Amino acid sequence: MLGLEKKDATLLLIVFGLTMLAPFLLNPFPEGSAMAQFNAGYPDLMQRFVIFGIFAIGFNILFGLTGYLSFGHAAFLGIGSYAAMWMFKLFGMNVIPALALSVVMSGLFAVLIGYVSLRRSGIYFSILTLAFAMMSYALAYSVLATDMDGPDRQGLLQKGLTGGETGLQLTLQDPRILGQKAAEDGNLPVPNIFGLEMRSSAELELGNWVFTFSAGYYFSAVVMLIAFYLSIRIFRSPFGMMLRAIKSNQQRLNYTGLNPKPYTLAAFVISGMYAGLAGGLMASMDPLAGPERMFWTASGEVVLMTILGGAGTLIGPVLGAGAIKYMENILSKINSDILHGWFAFLPDGLEDFVVAIIYPFIGKGWHLTLGLIFMAVVIFLPGGLVEAGQRVARMFRGKKAEDDSKSASTEPAE
Amino acid sequence: MGILEVKDVNKRFGGLQALGDVNLSVQENTVHAIIGPNGAGKSTLLNCLVGKLIPDTGSVLFDGQSVLGRTPHEINQMGISRVFQTPEIFGDLTVMENMMIPCFARRDGAFRLHAIEAVENEAELRDQAEAMLDDVNMLDKRNMHSASMSRGDKRRLEMAMCLVQNPKLLLLDEPTAGMARADTNNTIDLLKEIKEKRDITIAIIEHDMHVVFSLADRITVLAQGTPLVEDTPENIKGHPKVQEAYLGESH
Ligand SMILES: Nc1ncnc2c1ncn2[C@@H]1O[C@H](COP(=O)(O)OP(=O)(O)O)[C@@H](O)[C@H]1O
Ligand SMILES: [Mg+2]
């Protein structure tokens, strides 16, 4: 199907099913119940799952296949967002051209940054990409945020190309030469795809459950599915095989008549374009672009997502992105009142004690939990969540798996 | 003129003259062995042929063209394949994938971005790779993870990867170093078979006299970076200078 092997086609179908049914699957608890705060089926969070999924899928093409660890990929996320915003400001609110420009711009920057950074490998490559991302951040934060209109004019570039600290926003003065300057009600217009607004949604009430179907989520999900499909094709292509060969033995590749440089650069640019696409989608869901999107912590986050899920695997990055965004948004919402509510059945002293122990790991402390989980994965499950899944599956298969593992000992030990 | 012409090549490492005025001519379709004691400069000479090192002076012509200043992948594309002293393969890949990479290199050159078509669909290249694996008796190992194989098998695989490119010149750097007797004999048989089946020139660096005398058409003895003599195996065996410089001490 679609030029894929059966195994890959099955995986794609499963991911398709899960993303399409996500509004149900992520909302298992009825409204108003004690567990309802674990529901993740609201548009804002679901959009983040798939958008960061795209970011991580792209990052994995570089890091998972070639082993080159970029610490500056958030630069492309930011570039994608700014590009989309300028498209919204200058031409109109349709997201398709905006995303196209996001991909093109981040691709161009990736050619430049990749060309320079790939002159080195290992830690020096990582440092170079980090330096580029921090320069991009500094440019967006201040240098490109100065008034480029001149003191007496109040035009489009009054706050520079990036809008500095407050970010790049839509205004009613924007030209939008191919669309409307303002919505019918005089407010700022909204990103849309041929008229269907990204923020529009429908609700379905079933008993105590409320499910929300948002246009923005479904659009992002379709984009992610396309991105995922392309990444499968890349993994199975001669190009993908060359990238794995680069990770495995560059010396042999050289003496086999192949030049590793253009292959790594192509992987770098493709992954930069994925990041730009994700950035453009962020701006399409919420028309705003700020420099913090390029900050080094954002670059580090995609590294965590990829490794947590399973670098070099197809589905790992998506799982990692989902897991981290879930923790960031759900764990961080739990406060001590909620904890007291859960443990109210315990005797008072014990209740306070249990809450005091758990408290550092929730709310603002969710990073602590993430750190612990990350350490555990790196130490015990080098293959990430995907390896965890494989181990569980093997356990359930029981006896048969035992026989398999005898022949599987010759299989990759990744 | 030989397929490989090395003229007046010098190479210094700091104060050490690793190669001094090396002249060497390898004739097409012969097996040319380069022997010499440890530190004689054999690997250095080989590295000068494949672009890993650049000689300080002198010239290296392959098929009438200079290889100096070219990168290893360019030199490979000219028709020189190299087997390393310790087998260099793609350990994370399967045996079949290891074979497919040189097939692509030969068909598509140093770089081609084919990112969408599946490797699986390259039936023609797959047939080539499988035929080559069959030649070296490794077809049954095609789906194995190559890092998990024995050293002897890795060596066979590396040779198969070089041969599937159909090189004009195959360079071997001590291909039997560290091998058990049986593996060494297998390698000799394999190389003999290769010679019979196709037109290929082989330059081999070797320590093991048994290997050298059973394979070589010509032998060059290198000592302290300079060729001492070049002759047929029979003449080399009895040559007094060689006895003194090499055979005497290590045999
Ligand atoms: N990259 C290098 N830097 C410095 N000295 C080297 C280098 N490579 C080889 N040598 C020296 O050059 C001499 C020849 O080495 P080599 O060509 O490896 O000898 P062989 O392969 O004949 O044993 C040795 O003395 C070795 O120490
Ligand atoms: Mg040597």
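Further up the page is the structure itself.
Residues numbered from 1 in each chain as written. Chains lettered and ligands numbered in written order. Predicted model: local features only at pLDDT ≥ 70, side-chain atom pairs only at ≥ 80, totals over all residues. Heavy atoms only, no water.

### Things to note about the environment of B:Thr30
Residues and elements named next belong to chain B.
Right, so step 1: Considering the arrangement of structural elements, one finds Thr30 in the loop between β2 (16–26) and β3 (31–35).
Right, so step 2: Linking Thr30 and Val67, residues 37 residues apart in sequence, is a C-alpha distance of 20 Å.
Right, so step 3: Not counting residues up to four positions away in its chain, the partners in contact with Thr30 are Lys195, Ile200, Thr201, Ile202 and Asp217.
Right, so step 4: Within the structure, the side chain of Thr30 is placed 2.6 Å from the backbone oxygen of Gln27, a separation counted as a polar contact. (Helix = DSSP H or I, 4+ residues; strand = E, 2+ residues; numbered from the N terminus. Contact = heavy atoms within 4.5 Å. Polar contact = N/O pair within 3.5 Å; in protein donor to acceptor, adjacent residues only side chain to side chain.)

### Considering the state of the cysteines
Covalent bonding between the sulfur atoms of two cysteines defines a disulfide.
Residues and elements named next belong to chain B.
Right, so step 1: Taken as a whole and assessed by the stated rule, the structure comprises zero disulfides over all chains.
Right, so step 2: Here Cys48 stays free of any disulfide, with the sulfur of Cys162 as its closest cysteine sulfur at 19 Å.
Right, so step 3: Note on Cys162: no disulfide assigned, nearest cysteine sulfur contributed by Cys103 at a separation of 12 Å.
Right, so step 4: You can call Cys162 buried: its relative accessible area is 2%. (Disulfide = S-S within 2.5 Å. Buried < 20%, exposed > 50% of the residue type's maximum accessible area, 1.4 Å probe, protein only.)

### What to know about the site of ligand 1
Residue and element names in this part refer to chain B.
Right, so step 1: As a structural note, the neighbourhood of ligand 1 is formed by Phe13, Leu16, Ala18, Pro37, Asn38, Gly39, Ala40, Gly41, Lys42, Ser43 and Thr44.
Right, so step 2: A distance of 2.8 Å is found between an oxygen atom of ligand 1 and a backbone nitrogen or oxygen belonging to Gly39.
Right, so step 3: Within the contact set of ligand 1, an oxygen atom lies 2.8 Å away from a backbone nitrogen or oxygen of Lys42.
Right, so step 4: Elements represented by at least two residues in the shell around ligand 1 include exactly β2 and α1 (42–49).
Right, so step 5: A per-element tally of the shell around ligand 1 places α1 first, with three residues. (Near = heavy atom within 4 Å.)

### What about the pairing of β2(B)?
All names here are of chain B.
Right, so step 1: As paired elements, strand β1 (residues 4–13) and β2 share seven bridges and run antiparallel to each other. Pairing of Lys11 across the sheet is with Leu19, part of β2.
Right, so step 2: Between β1 and β2, which pair antiparallel one after the other, the connecting turn spans two residues, and Gly14 there sits at a positive phi close to 60°. (Pairing = 2+ DSSP bridges.)

### Re the pattern of salt bridges
Right, so step 1: For the structure shown, the criterion picks out 25 salt bridges over all chains.
Right, so step 2: A:Asp174 is paired through a salt bridge with A:Arg176; the nearest N and O atoms lie 3.5 Å apart.
Right, so step 3: What makes A:Arg176 buried here is its relative accessible area of 1%.
Right, so step 4: Here A:Glu197 and A:Arg199 are joined by a salt bridge, their closest N and O atoms 3.4 Å apart.
Right, so step 5: Of the residues examined, A:Arg199 reaches a relative accessible area of 60% and is grouped as exposed.
Right, so step 6: Put simply, B:Arg107, B:Asp108, B:Arg112 and B:Glu122 are held in one network by salt bridges that share partners. (Salt bridge = Lys/Arg side-chain N within 4 Å of Asp/Glu carboxyl O.)

### Structural notes on empty space enclosed by the protein
All names here are of chain B.
Right, so step 1: Within this structure, the stated rule accounts for three cavities of 30 Å³ or more.
Right, so step 2: Lining the largest cavity are Met132, Asp135, Val136, Leu163, Leu190, Glu193, Ile194, Lys197 and Arg198.
Right, so step 3: Among the secondary structure elements, those contributing two or more residues to the lining of the largest cavity are α4 (123–135) and α6 (181–197).
Right, so step 4: Top element by residues in the lining of the largest cavity is α6. It accounts for four residues.
Right, so step 5: Here the residues of the lining of the largest cavity sort into five nonpolar, no polar and four charged.
Right, so step 6: Residue contributions to the lining of the largest cavity reach at least three from each of two domains, namely domain 1 (4–79 + 167–245) and domain 2 (91–155).
Right, so step 7: Looking at the second largest cavity, its volume works out to about 40 Å³. (1 Å grid on protein atoms, 1.4 Å probe; cavity = no way out; pocket = protein on both sides within 12 Å on 5 of 7 lines; lining within 4 Å. Points joined across faces, edges and corners; volume = space filled by probe spheres on them. Nonpolar A, V, L, I, M, F, W, Y, C, P; charged D, E, K, R; others polar. Domains from an automatic or database assignment.)

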